[in-house]
Amino acid sequence: MSAGAPGVLFASSELSPWVKTGGLGDVSAALPAALAACGCEVKLLLPAYPALREAFADALVPRARIAPPGGELPGATLLGAPLAAASGASAGARQEPLGPDARRRASPGPSGAGAELLLLDAPELFDRPGNPYLDGSGADHPDNLLRFGLLSRVAALLASPESPLAWRPQILHCNDWQTGLAPAFLHYLHDGRGAASLLTVHNLAFMGLFGQEALAALGLPPQAFRFDGVEFHGRLSFLKAGLQFSDRIATVSPSYAREILTAEFGCGLEGLLRHRADRLAGILNGIDTVDWNPAEDRRIAVRYDANSLARKADNRRDLQQRLGLAPQDGVPLLGVVSRLTGQKGLDLLLALADRLCADGVQIALLGSGEAELQAGWQAVAARHPGRCAVVIGFDETLAHRIEAGADLFVMPSRFEPCGLNQMYSLRYGTPPVVRRTGGLADTVRDADEAQREGAQGNGFVFDAAEPAALGDALARAFAALRDPPRWRAIQRAGMACDFGWEPAARAYLGLMQAALAGPRTRS
Ligand code: ADP
Ligand code: GLC
């Protein structure tokens, strides 16, 4: 650990490439490594999901025994392994039924630069199929309260003077609701002694809500159930607890940090967030620029860079062929890779899809999520064979091929705390068409607006969450696509953007140092 760089316990429920349902997995893989590169000693705490146990099997050693911590929370064993020790030998091993997790690649994922992975081994809670939140049938695991209650409880324990480990972090870095209760545990059960806490909100819409009886099951005292405690509209909220008790709050883009102070985006937590606004920072995520690099990407048909963009056409043909799209040049090919939920606004594109396909536009969509959206998209694909290809599932390789092969990438999100795919698509010379919200607004500059100001844009942006507004932005994008020199300039502007993690890690470091220097939250 270098002077001034704090020791960090990073607690999360996902870790790419092994356990991932969305961007949280990517961030949990990249940010701790970037913090380690800034001199922090970092340990990651995750549940001992089967995919992680397997990937680190050769290196895991018992690190501590955790006695049952109270309520209905079971005891557990803490296993440890160097993060760099993931075994490539397990490539291709078990794929979980819901796909997003247990994705593997032959080379180890995050190097972690000396970071240690701590796995919370409580087999009755974590040794089961499914993804971190859902069972094989798509329903919530019935004991998610205890699963993420234990994760939060042990995160607090390891950050407290009562930790069974000799190592003590200066900062406990929690992420989303699944570890959001840890700062409340530190407050109620460790008198606020121990590490300073930082909560990153990746998505305010997931609050970790449970009934009042959860309090006793978690071993929290009855007085915690107050409006200035863990209570939220008559229920217990893990996320609200984290917002209430953490010393600093981060979210994943500057725009989203402003938006969540409003009723439109605040999910009912805007009052508390405004109250704590002096502790809140918006820090834009980076992306894994090694994994997402068209010049080196072994998953795509032909590699290319900003000086060989003509080769992108080979990836387009490859994508068309693989997905059964007509092998046509000269028609726009729209790409989508997304969770299919209301957040992502793909119903707006769905409303336009028949007309677009009738006009000859091609659509390649990869995603999974809400049954109604899946069915809606599958029906479009059935109506327009050769024009619209829909793959329901989670497929890392296809995600890369869509980024490389599409002409435009569509992200009409209603809200988007950061968004990673628009940054991937910028890097792949696939200009994104996005709604002006959250991290999309912070990363995509509209090409027409920029042109009017004598500047260079990198994509297309619209405002109203309505099909017509998306339709207008697409029409503007199609016009630009018909003007090759202009199109190249837009592509190259996106490819020149630097979305590496270092600036984010430095900003987090600043926030951590402020947390350590400033007054603590109700300690
Ligand atoms: P969110 O976390 O809200 O889903 P992000 O854009 O931050 O959105 O991150 C989503 C991540 O998950 C990206 O890495 C994206 O490529 C990946 N992803 C989402 N859906 C799929 C899918 N069906 N197949 C492969 N990767 C996917
Ligand atoms: C969430 C958000 C997404 C963000 C990701 C990583 O899942 O929905 O916008 O990029 O977290 O921070």
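Residues numbered from 1 in each chain as written. Chains lettered and ligands numbered in written order. Predicted model: local features only at pLDDT ≥ 70, side-chain atom pairs only at ≥ 80, totals over all residues. Heavy atoms only, no water.

Draft legend 1. Seen up close, the domain arrangement of the protein chain. The assigned domain composition of the protein chain is domain 1 (8-286 + 502-517) and domain 2 (309-495). Centre-to-centre separation of domain 1 and domain 2, based on C-alpha positions: 32 Å. In this assembly, 23 residues from domain 1 lie in contact with 17 residues from domain 2. At the boundary of domain 1 with domain 2, total buried surface from both sides reaches about 1500 Å², with 61% on carbon and sulfur atoms. Along the contact surface separating domain 1 from domain 2 lie 0 salt bridges. Our count for the domain 1 to domain 2 interface comes out at 7 residue pairs in polar contact (both at pLDDT 80 or more). Within the residue set of the side of domain 1 that touches domain 2, elements represented by two or more residues are α1 (23-37) and α9 (254-259). (Domains from an automatic or database assignment. Contact = heavy atoms within 4.5 Å. Buried area = accessible area lost by both parts, 1.4 Å probe. Salt bridge = Lys/Arg side-chain N within 4 Å of Asp/Glu carboxyl O. Polar contact = N/O pair within 3.5 Å; in protein donor to acceptor, adjacent residues only side chain to side chain. Helix = DSSP H or I, 4+ residues; strand = E, 2+ residues; numbered from the N terminus.)

Draft legend 2. Broad picture of the site of ligand 1. The local shell around ligand 1 holds 20 residues, among which Lys 20, Gly 23, Arg 339, Lys 344 and Gly 393 are the closest. Between ligand 1 and Asp 26, the relevant distance is 3.4 Å, taken from an oxygen atom to a side-chain nitrogen or oxygen of the residue. The fraction of the free accessible surface of ligand 1 (560 Å²) that becomes covered by protein chains is 93%. Elements with a minimum of two residues in the shell around ligand 1: α1, β13 (333-340), β14 (362-369) and α15 (421-427). When residues in the shell around ligand 1 are grouped by element, the largest group, 3 residues, is from β13. (Near = heavy atom within 4 Å. Areas by Shrake-Rupley, 256 points an atom, 1.4 Å probe, with all protein chains shown as cover.)

Draft legend 3. Local environment of the packing of aromatic side chains. This model, assessed by the stated rule, comprises 11 aromatic pairs. The interplanar angle of 75° and the centroid separation of 5.3 Å between the aromatic rings of Phe 148 and Trp 177 together place this pair among those described as edge-to-face. Of the two residues, Phe 148 is situated in helix α4 (residues 144-158) and Trp 177 in helix α5 (residues 176-180); the sequence distance between them amounts to 29 residues. Assessed through its relative accessible area of 0%, Phe 148 is described here as buried. Lying across the ring of Trp 167, Lys 43 places its NZ or CZ 4.9 Å from the centre. Taking NZ or CZ as reference, Arg 153 lies 5.3 Å from the ring centre of Phe 185, over its face. (Phe/Tyr/Trp six-rings, centres within 6.5 Å; stacked < 30°, edge-to-face > 60°. Buried < 20%, exposed > 50% of the residue type's maximum accessible area, 1.4 Å probe, protein only. Lys NZ or Arg CZ within 6 Å of the ring centre and 35° of its normal.)

Draft legend 4. Main features of the confidence of the model for the protein chain. On average, residues of the protein chain score 93 in pLDDT, and 94% of them reach the 70 mark or higher. Within the model, pLDDT remains below 50 along residues 89-110, and this stretch shows 69 contacts once partners closer than five positions in the same chain are excluded. (pLDDT = per-residue confidence, 0-100.)

Draft legend 5. Highlighting the site of ligand 2. If you check the shell around ligand 2, you find 13 residues, and the closest are His 202, Asn 285, Glu 416, Cys 418 and Gly 419. Gln 343 places a polar side-chain atom, nitrogen or oxygen, 3.1 Å from an oxygen atom of ligand 2. Here Gly 419 contributes a backbone N or O atom positioned 2.8 Å from an oxygen atom of ligand 2. Protein contact buries 93% of the 310 Å² of open area that ligand 2 shows by itself. Broken down by element, the shell around ligand 2 gets its largest block of residues, 3 residues, from α1. Considering only residue class, the shell around ligand 2 consists of 5 nonpolar, 6 polar and 2 charged. (Nonpolar A, V, L, I, M, F, W, Y, C, P; charged D, E, K, R; others polar.)

Draft legend 6. Layout of unusual backbone geometry. In this model, Ser 16 is joined to Pro 17 through a cis peptide bond whose omega is 5°. By secondary structure assignment, the location of Pro 17 is in the loop between β1 (8-11) and α1.

Draft legend 7. View of the pairing of β1. Alternating positions in β1 separate into two faces, Val 8 and Phe 10 on one and Leu 9 and Ala 11 on the other, with burial throughout. Of the strand pairs in this sheet, β1 and strand β6 (residues 171-175) are connected by 3 bridges, and their pairing is parallel. Counted as the bridge partner of Phe 10 is His 173 from β6. Pairing analysis gives 4 bridges linking β1 to strand β2 (residues 42-47), with the strands arranged parallel. From the neighbouring strand, Leu 9 faces β2, where its bridge partner is Lys 43. Traced from β1 through α1 to β2, the parallel crossover comes out right-handed. (Pairing = 2+ DSSP bridges. Right-handed = clockwise from strand over helix to strand, strands pointing away.)

Draft legend 8. Representation of the sheet that holds strand β17 (residues 432-435) within the structure. In space, the 6 strands of this open sheet follow the order β15-β14-β13-β16-β17-β18, with parallel pairing throughout. In the strand order of this sheet, the two ends are held by β15 (388-392) and β18 (460-462), each with one partner. Between one strand axis and the next, the sheet turns by 20° as a mean value, whatever way the strands run. Pairing analysis gives 3 bridges linking β17 to β18, with the strands arranged parallel. Among the inter-strand pairings, Val 433 is bridged to a residue of β18, identified as Phe 460. Contacting β13, β14 and β15, helix α13 (residues 371-383) runs over the sheet at an angle of about 145° to β15. Along the sheet, helix α18 (residues 467-481) contacts β13, β16 (408-411), β17 and β18; its crossing angle with β18, the most-contacted strand, is approximately 160°. (Axes fitted to C-alpha atoms, helices over the stretch in contact; angles between N-to-C directions.)

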